[in-house]
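# Notes for the structure review
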Amino acid sequence: CQSMSSVLPKTTRPDPSPTLTSILYFDISTPDSKIASQIVVSDAGQIHVTPESIYLTTSIWTEDTSSKCAPNARCISPAIWNPGISSTLIHRFVLDNANIRYRYSREIPGSPLNQYSMDEDANNNFRIVSTNRSWSGGINTTSTSLTILDTLGRVVGKISDIAPGENFQSSRFIGDRLYLVTFEQIDPFFVISLANPKSPKILGELKIPGYSTYLHPYDANRLIGIGYDTKQNQWGGTTNA
């Protein structure tokens, strides 16, 4: 390795599971080309790569200690398990000729579902959809958020609390639009405009039976959704048909 450096991300608090992750950059068409490397002190979660950037995410849980017994105290009943609040550390690296340069680290609420939850637009703004889960008194609260970061990691646009109480199932970024599926008992399919990164807007939503776990672009105006039909069970909930 001809060029190597390490990065300790500048974050508001340390990563609770410090892992060394190596990023290598080289030209596969030239066997003896220079190999650039960065080693970041962070776990590797979901990854998004473009011709100009590498985004590495790490999931973090903030422990909720509100339900725990005080030291040496005798509790009448067992404490309710509250894992706390989920968040995600995003690390951006810029590909500059044959070098990898660390640009920023930013913590946002919630966690992305998969690689389709992330995207970079033509102006290098990073868009990410995350599921926000929190526990309070044993009650699970779930919602979905869209966050847009500029090239320096500043939050420039956001939509919070999309479909409160519903689970984030799939998403797809196509140009200046985001297509998003959440689910509780029927499938709300959201179309969100990203034309103005500072002011993303929900253009509309469609409720259909079941839910899609994968969205694939068909043409400029149509998507293919692959997922599950559902039915109501004997307890009033839903199961896959």
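Residues numbered from 1 in each chain as written. Predicted model: local features only at pLDDT ≥ 70, side-chain atom pairs only at ≥ 80, totals over all residues. Heavy atoms only, no water.

## Some points on the overall build of the chain
Check the secondary structure of the chain and you find zero helices and 19 strands. Each of the 241 residues in the chain was classed as buried or not, and the buried ones make up 42%. Sequence separation of at least 24 residues holds for 47% of the intrachain contacts in the chain that already meet a minimum separation of 6. About 13,700 Å² of surface is accessible on the chain, with carbon and sulfur atoms providing 52% of the total. (Helix = DSSP H or I, 4+ residues; strand = E, 2+ residues; numbered from the N terminus. Buried < 20%, exposed > 50% of the residue type's maximum accessible area, 1.4 Å probe, protein only. Contact = heavy atoms within 4.5 Å. Areas by Shrake-Rupley, 256 points an atom, 1.4 Å probe, with all protein chains shown as cover.)

## Examining unusual backbone geometry
Positive phi outside glycine occurs at D161, with the angle close to 55°. Along the chain, D161 falls in strand β11 (residues 155-162).

## Re the side chain of R172
Structurally, the position occupied by R172 is in strand β12 (residues 167-174). Buried within the structure, R172 lacks any salt-bridge partner; its nearest side chain of opposite charge belongs to D119, at an N-O separation of 7.9 Å. Within the structure, R172 has its side chain in polar contact with the side chain of Y214 (distance 3.5 Å). The contact partners of R172, leaving out residues within four places of it in the chain, are Y116, R177, L178, Y179, Y214, L215, H216 and P217. (Lys, Arg positive; Asp, Glu negative; His and termini not counted. Salt bridge = Lys/Arg side-chain N within 4 Å of Asp/Glu carboxyl O. Polar contact = N/O pair within 3.5 Å; in protein donor to acceptor, adjacent residues only side chain to side chain.)

## Regarding the pairing of strand β17 (residues 222-228)
Of the strand pairs in this sheet, strand β16 (residues 211-219) and β17 are connected by seven bridges, and their pairing is antiparallel. Its bridge partner being in β17, S212 is matched across the sheet by G227. Here β16 folds back onto β17, and the loop between the two strands holds two residues. (Pairing = 2+ DSSP bridges.)

## Concerning the nonpolar core
Membership of the largest hydrophobic core comes to 13 residues, with the highest contact counts inside it found for V129, L146, I162, L178, L180, I192 and L194. For this core, the secondary structure elements donating two or more residues are β10 (139-149), β11, β12, β13 (177-183) and β14 (187-193). V40, F93, L95 and I100 belong to the second-largest nonpolar core, a separate cluster that totals nine residues. (Core = buried A, V, L, I, M, F, W, Y, C linked by side-chain atoms within 4.5 Å.)

## Quick look at the side chain of S130
As for its position among the elements, S130 is in strand β9 (residues 126-136). Among the residues examined, S130 registers a relative accessible area of 0% and is labelled buried. From its side chain, S130 meets the backbone oxygen of P109 in a polar contact 2.9 Å long. Discounting residues that sit within four places of it in the chain, S130 has contacts with I108, P109, G110, S111, P112, S143, T144 and S145.

## A look at the environment of I47
By the element assignment, I47 lies in strand β4 (residues 47-49). Considering only alpha carbons, one finds I47 and I90, 43 residues apart in sequence, at a separation of 9.5 Å. Look past the residues within four positions of I47 in its chain and what remains in contact with it is Y55, L56, Q115 and M118.

## Considerations on the pairing of β13
Among the seven residues of β13, six are classified as buried, and the element is accordingly described as predominantly covered. Between β12 and the antiparallel strand that follows it, β13, lie two residues; G175 among them carries a positive phi value of about 60°.

## Some details on the pattern of salt bridges
Counted by the stated rule, this structure contains five salt bridges. Taking the shortest distance from any N to any O, the salt bridge between D119 and R127 comes out at 2.6 Å. Across the pair R222 and D219 runs a salt bridge whose closest N-O atoms are separated by 2.6 Å. Judged by its relative accessible area of 31%, D219 is partly exposed.

## Here's the deal with the environment of T239
Mapping T239 onto the fold places it in strand β19 (residues 238-240). Counting along the chain gives 11 residues from T239 to Y228, while the straight-line C-alpha distance between them is 9.4 Å.

## As for the packing of aromatic side chains
Evaluation of the coordinates by the stated rule reveals six aromatic pairs. Centre to centre, the rings of Y55 and F126 are 4.0 Å apart; their planes meet at 15°, and the pair counts as stacked. Taken together, the residues span a long stretch of sequence, with Y55 in strand β5 (residues 53-62) and F126 in strand β9 at a distance of 71 residues. Overall, Y55 belongs to the buried group, its relative accessible area being 0%. Under the relative-accessibility criterion, F126 is labelled buried at 0%. Ring plane angle 25° and centroid distance 6.0 Å describe the contact between Y179 and F189, whose orientation is recorded as stacked. Here the residue Y179 occupies a position in strand β13, and F189 occupies one in strand β14, the gap between them amounting to 10 residues. Each member of the pair, Y179 together with F189, is buried. (Phe/Tyr/Trp six-rings, centres within 6.5 Å; stacked < 30°, edge-to-face > 60°.)

By themselves, these figures tell us nothing about what the structure is for.
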